[in-house]
Amino acid sequence: MNLVVCWLVGLVAWFVCNTAGAGVILRAASAEQLSSFDGVVLWYGSSGFVCALVAAALAALVHRGPHRDRGVRDAVASLGAPVAALLVDSVLVASRPSPDWGLFLAPAALSLAGAVAGWLLGRALRP
């Protein structure tokens, strides 16, 4: 049951953070920036990094013992939501008629890096 609670906390945190990030991108980024590779990596990559970091950190903080000291079990509890979001994004990109994998992979890598950083941050902040 603790695993499900961690995933739900991570999913809610990811959803709220991603919604706020999309709002910031829509208001602050220009069309020229979002049409270039550098702009996509900057805007979507940084948003994905922060969202995955927050989701994984909160899920790691919610994870309770006795399994919290086991590395694999703690990683599954903390990284479940960001990885699931990345898998859904992958399926959505793959379902397009001509997917542009180059524009997807760089922000996806930043999102994974944010998830791992959030997991480690959550582990470091535990009492």
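So what exactly am I meant to see when it comes to the nonpolar core here?
Considering soluble globular proteins, one finds that nonpolar side chains tend to be buried as a cluster. Membership of the largest hydrophobic core is limited to seven residues, which are Ala52, Ala56, Ala60, Ala75, Leu79, Ala115 and Trp119. With three residues, helix 3 (residues 37–62) is the single largest residue contributor to this core. Discounting residues that sit within four places of it in the chain, alanine 60 has contacts with Ser78, Trp119, Gly122, Arg123 and Arg126. If you look at the next biggest cluster of nonpolar residues, it comprises six residues, including Trp14, Cys51, Ala55 and Ala85.

Before we go on, may I ask you to explain the packing of helix 4 (residues 71–94) against helix 5 (residues 101–125) in this structure?
Two measures define how a pair of helices packs: the angle their axes make with one another and the distance between the axes. At their nearest, the axes of helix 4 and helix 5 sit 10 Å apart, and the two run at 165 degrees to each other. Accordingly, the angle class assigned to the pair helix 4 and helix 5 is roughly antiparallel. Regarding helix 4 and helix 5, the two cross each other, and that crossing is right-handed. Contacts between helix 4 and helix 5 pair Gly71, Asp74, Ala75, Ser78, Leu79, Pro82, Val83, Leu86, Asp89, Ser90, Val93 and Ala94 from the former with Trp101, Phe104, Ala108, Leu112, Ala115, Val116, Trp119 and Arg123 from the latter. Residues belonging to the contact of helix 4 with helix 5 are distributed by class as follows: 14 nonpolar, three polar and three charged.

Which parts of the structure should I look at to understand the layout of surface pockets?
Left-over empty space is what a probe sized like a water molecule reveals as it rolls over the atoms. Estimated volume of the largest pocket: approximately 630 Å³. Taken together, 23 residues make up the lining of the largest pocket; nearest its centre are Tyr44, Asp89, Val93, Phe104 and Pro107. Mapped by element, the contributors of at least two residues to the lining of the largest pocket are helix 1 (2–28), helix 3, helix 4 and helix 5.

Can you walk me through the state of the cysteines in this structure?
Put plainly, two cysteines are in a disulfide when a covalent bond ties their sulfur atoms together. Under the definition given, this model contains zero disulfides. Here cysteine 6 stays unpaired: no disulfide links it, and the sulfur of cysteine 17, its closest cysteine neighbor, is 18 Å away. Here cysteine 6 falls in the buried class, since its relative accessible area comes to 0%. Cysteine 17 supplies the cysteine sulfur nearest to cysteine 51, a cysteine that is in no disulfide, at a spacing of 3.0 Å.

Teacher, can you tell me more about the confidence of the model for the protein here?
Reading predicted coordinates in detail is not appropriate for stretches of low pLDDT. Mean pLDDT over the protein: 89, with 99% of residues reaching 70 or higher. Mean pLDDT values for the elements of the protein range from 87 in helix 2 (residues 31–35) up to 93 in helix 1.

What counts and what doesn't
Just so you know, the residues in each chain are numbered from 1, in the order the chain's sequence is written. Where local features are concerned, this predicted model is filtered to residues with pLDDT of at least 70; where side-chain atom pairs are given and counted, the filter is 80 or more; whole-chain, interface and lining totals use all residues. The basis for the side-chain values is all heavy atoms of the structure; hydrogens and waters are excluded. Nonpolar core, defined: a set of buried Ala, Val, Leu, Ile, Met, Phe, Trp, Tyr and Cys residues in which side-chain atoms within 4.5 Å join the residues together. Type-normalised accessible area, obtained with a 1.4 Å probe on protein chains alone, sets the label of each residue: buried when under 20%, exposed when over 50%, and partly exposed for intermediate values. Helix and strand labels come from DSSP, where a helix needs a run of H or I of at least four residues and a strand needs a run of E of at least two; each type is numbered from the N terminus. Contacts between residues were defined by any pair of non-hydrogen atoms, one from each residue, lying within 4.5 Å. As a rule, the C-alpha atoms of each element are fitted with a line to give its axis, helices using only the stretch in contact, and angles between N-to-C directions run from 0 to 180 degrees. Orientation labels follow simple angle bins: below 35 degrees gives roughly parallel, above 145 gives roughly antiparallel, 65 to 115 gives roughly perpendicular, and whatever is left gives oblique. In this scheme, a crossing is called left-handed if the near helix is turned counterclockwise away from the far one by less than a right angle; it is called right-handed if the turn is clockwise. In this classification, the charged set is Asp, Glu, Lys and Arg, the nonpolar set is Ala, Val, Leu, Ile, Met, Phe, Trp, Tyr, Cys and Pro, and all remaining amino acids, among them Gly, are polar. Both cavities and pockets are sets of points on a 1 Å grid over the protein atoms alone; in a cavity a 1.4 Å probe fits but cannot get out, in a pocket the set is open with protein on both sides within 12 Å along at least five of seven lines, and lining residues sit with an atom within 4 Å of a point. Grid points are joined across faces, edges and corners, and a volume is the space filled by probe spheres set on the points. Cysteine sulfur atoms that come within 2.5 Å of each other are treated as a disulfide pair. The pLDDT value tells you how sure the predictor is about a given residue, anywhere from 0 up to 100.

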